[in-house]
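# Survey of secondary and tertiary structure
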Number of protein chains: 2
Amino acid sequence: MLITLFPYKSLLVRCATKPCHVESVPSYHSKIKIINNTRDSFSTIIPATQALLTLSPLQMAETQVRIGILGCADIARKVSRAISLAPNATVAAIGSRSLEKAKAFASANNLPPDAKIYGSYEAVLDDPNVDAVYVPLPTSLHARWAVLAAQKKKHVLLEKPVALNVAEFDIIIEACDSNGVQFMDGTMWMHHPRTAKMREFLSDKQRFGQLKLINSWFTLGVDPEFLKKDIRVKPDLDAQGALGDVGWYAIRAILWAADYELPKKVIALRGPVFNEAGVIMSCGGTLYWEDGQIANFYCCFLSHLTMDLTAIGTKGTLRLHDFVAPFEEHEASFYAGTELGFNELVTAWAPQPSEHTVTTHLPQEVLMVREFASLVEAIKVKGSRPEKKWPSISRKTQLVMDAVKASIERGFEPVELGN
Amino acid sequence: MLITLFPYKSLLVRCATKPCHVESVPSYHSKIKIINNTRDSFSTIIPATQALLTLSPLQMAETQVRIGILGCADIARKVSRAISLAPNATVAAIGSRSLEKAKAFASANNLPPDAKIYGSYEAVLDDPNVDAVYVPLPTSLHARWAVLAAQKKKHVLLEKPVALNVAEFDIIIEACDSNGVQFMDGTMWMHHPRTAKMREFLSDKQRFGQLKLINSWFTLGVDPEFLKKDIRVKPDLDAQGALGDVGWYAIRAILWAADYELPKKVIALRGPVFNEAGVIMSCGGTLYWEDGQIANFYCCFLSHLTMDLTAIGTKGTLRLHDFVAPFEEHEASFYAGTELGFNELVTAWAPQPSEHTVTTHLPQEVLMVREFASLVEAIKVKGSRPEKKWPSISRKTQLVMDAVKASIERGFEPVELGN
């Protein structure tokens, strides 16, 4: 039995492969309350200091979806931890082109002792004890490995950006469809409970009204090392550069706010910055919808870290400044204002916008894995059909990214969006 | 002797024509501390209930600049109060085309009993006891009345937008220059101490670095009555509509953040909305500087009240959501982040942006009047030259507004900015 105490604000105790919430732990010497994450009926109190020794394995009701990881990318550290923390998933395998690297990753990231360690990606796909794969490979390798995974009947959790272009993404989706496997991209913030709370606000005609304007900026000030060596500056790896990396999030946020209605046309901002290899380091654009709705986005590797989303309706305004990765792991805020105005002489606002804080025991990336695993489980156990919502959202994001690139290539002309 | 208690958080006691701070007044029955606003050495304690009776007039060191108001516009209510509260200014006259309206305004807005009330604008300009005029007339009347005021040697505090276009504004400025009078526009937030604090941050190469991106949005959701009747929807009154009203502020904020360096070119966003009379109800644009700096602005009368300014540098980010009119009259905040980043697994930010709050005893519009009056006083008393900074900033704002309009008229083509 493996029990590990994770030093979070809201701790997680891992019993065998099942994590449980430990709430309100002032210190390791306190009594702790263990709540079985997936079976709300179960709870018990034990002294925190004894947790490692005395906690007996909890009943486990649901299937553990067994996930194999392709490659040892940096982001795989966060996601392997997320898989470990998810109540319905486990890391079953890790594969790298170098067995040594895979071993080192497994050890450094506390993968379960029974996780298989392979010296190739193929071996992960061939492992009958792997249900699904998480693919954090460079984008140029996505089509090859996601398609192969689907052909081997492995469900696919694919890092963003999903592909180099929509045509390539369609090949991935066709492979997933024809093999009956679930597809989901790795956009974690979609799964934060804050996102659902903000959707409630945007959908509320009384509080928000009709959507008119969206602004989304994700800028990152990277170091000189990154600008030289990161895969996101290499035309043969992540050829979409800043657009594919941070731009993906900004565009996704806009589509999310627009409830996934595609804009009619896209016009890139002038002055995009390319590196010597021709990869985008900075760009932006304006998206126009048929009904007059407008959105701006901007993304770059050359400015200070900023992560803004603002949506303005006829009756309300939504904003937040950490939409991709919340300031804090276990709580996140947004600001909402409804029918704001001024006092009589316009010397103060009445009412003013209010802050809404949403707490979450499980970090957003764990909720992403949990959602993915529950879809996989439904397919495996109940024979459900794959959920089409996720690939559809990924595809729309890629479509807009393609249109931005096309507009840049055509001298900042408007590009109409097809399907 | 006139003493009035104003019901503010931080009260002001007016002794004769001089206002003094009254700090920390829990109720009218408490002792109050009177601090002479302009002579920090003076202070006394009296019971608040006796203030009206017992307070003796304070020593007054400086000249009271005597301001005449042209017209009874809504905004004149706020500014006449500001003139009354300013330590170095007084309302000397109000003129309207209707004597009755002027009388009603004087009474409703507690103008000093010795303020002259006139049935014409000309009479204000002809009053030898008027040093300066505040002109809140519709923009189409600015050139005529501001020029006439300057010719009559009256200093000019002119509501924004300053003119219908730069050519017209240049006539105003020429008149002010040749008559040696001070010009200032009515952009109040320029004078808030928060603005100076934010400038410190933007100017700090260590904390903010090099400016890269600016976003400024000011949108207003007006009621149907406004859309039918307000002067800002009428082509013969405020012909620049939303661009001249809220757009003025958004563009000014961008220029302020750029330390008044003019952009090289401006491209209007597509899809501006006009009313039936051809007045802009909604528009936006992108400003491009030679060195790659980019700014977006948006302004409209058709979306919920939003007032955002964000500036991103290479090392820091500045943002605020109430830049034109602070949420509270006596304190205002902005958010600044320097070299923000993430923790090791990107599950939280470290460090995070911080909120900076700036308090002010005098509201920003009072500080505007005080600044204007002190420039006037310097000219009157010390023979100083008019301060050129203010008309120069007004002119640049108008130049960008003109370029936005030109870009719209030319089918959203880039418009190069002249001087």
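Note that the coordinates shown come from a computational prediction; the quantities given were computed from them, not determined experimentally.

Quick look at unusual backbone geometry now. Between A:Lys160 and the following residue, A:Pro161, the backbone shows a cis peptide bond with an omega angle of -10 degrees. In this fold, A:Pro161 is placed in the loop between β10 (155-158) and α6 (166-178). With an omega of -5 degrees, the peptide bond running from A:Ala350 to A:Pro351 counts as cis. Position of A:Pro351 relative to the elements: it lies in the loop between β19 (331-338) and β20 (354-359). Backbone geometry at A:Glu339 places phi at a positive 45 degrees, although glycine is not the residue there. Structurally, A:Glu339 can be placed in the loop between β19 and β20. In this model, B:Lys153 sits at a positive phi of 65 degrees, which is unusual for a non-glycine residue. Looking at the secondary structure, you find B:Lys153 in the loop between α5 (142-151) and β10 (155-158).

Turning our eyes to something else, we now look at the pairing of strand β19 (residues 331-338) of chain B. All names here are of chain B. Relative to β19, strand β18 (residues 316-320) runs antiparallel, the two being bridged by four bridges. Looking across to β19, one finds that Leu318 is bridged to Ala336. Where β19 lies against strand β20 (residues 354-359), six bridges are found, and the strand directions are antiparallel. The residue of β20 that forms the bridge with Ser333 is Thr357.

For the rest of this paragraph, the subject is the confidence of the model for chain A. All names here are of chain A. Here chain A averages 88 in pLDDT, and 85% of its residues register 70 or above. Ignoring residues within four places in sequence, the model shows residues 1-61, a span with pLDDT below 50, making 141 contacts including any to other chains. Across the whole predicted complex the pTM is 0.87, and at the interface the ipTM reaches 0.86.

Another aspect to go through is the side chain of A:Thr317. Tracing the backbone shows A:Thr317 in strand β18 (residues 316-320). Accessibility expressed as a relative area gives 5% for A:Thr317, which makes it buried. Among the polar contacts made by the side chain of A:Thr317, one reaches the side chain of B:His304 at a distance of 2.7 Å. Setting aside its immediate chain neighbours within four residues, A:Thr317 contacts A:Phe201, A:Phe208, A:Thr310, A:Ala311, A:Ile312, A:Tyr335, A:Ala336, A:Gly337, B:His304, B:Leu305 and B:Thr306.

What counts and how
Residues numbered from 1 in each chain as written. Chains lettered and ligands numbered in written order. Predicted model: local features only at pLDDT ≥ 70, side-chain atom pairs only at ≥ 80, totals over all residues. Heavy atoms only, no water. Helix = DSSP H or I, 4+ residues; strand = E, 2+ residues; numbered from the N terminus. Pairing = 2+ DSSP bridges. pLDDT = per-residue confidence, 0-100. Contact = heavy atoms within 4.5 Å. Buried < 20%, exposed > 50% of the residue type's maximum accessible area, 1.4 Å probe, protein only. Polar contact = N/O pair within 3.5 Å; in protein donor to acceptor, adjacent residues only side chain to side chain.

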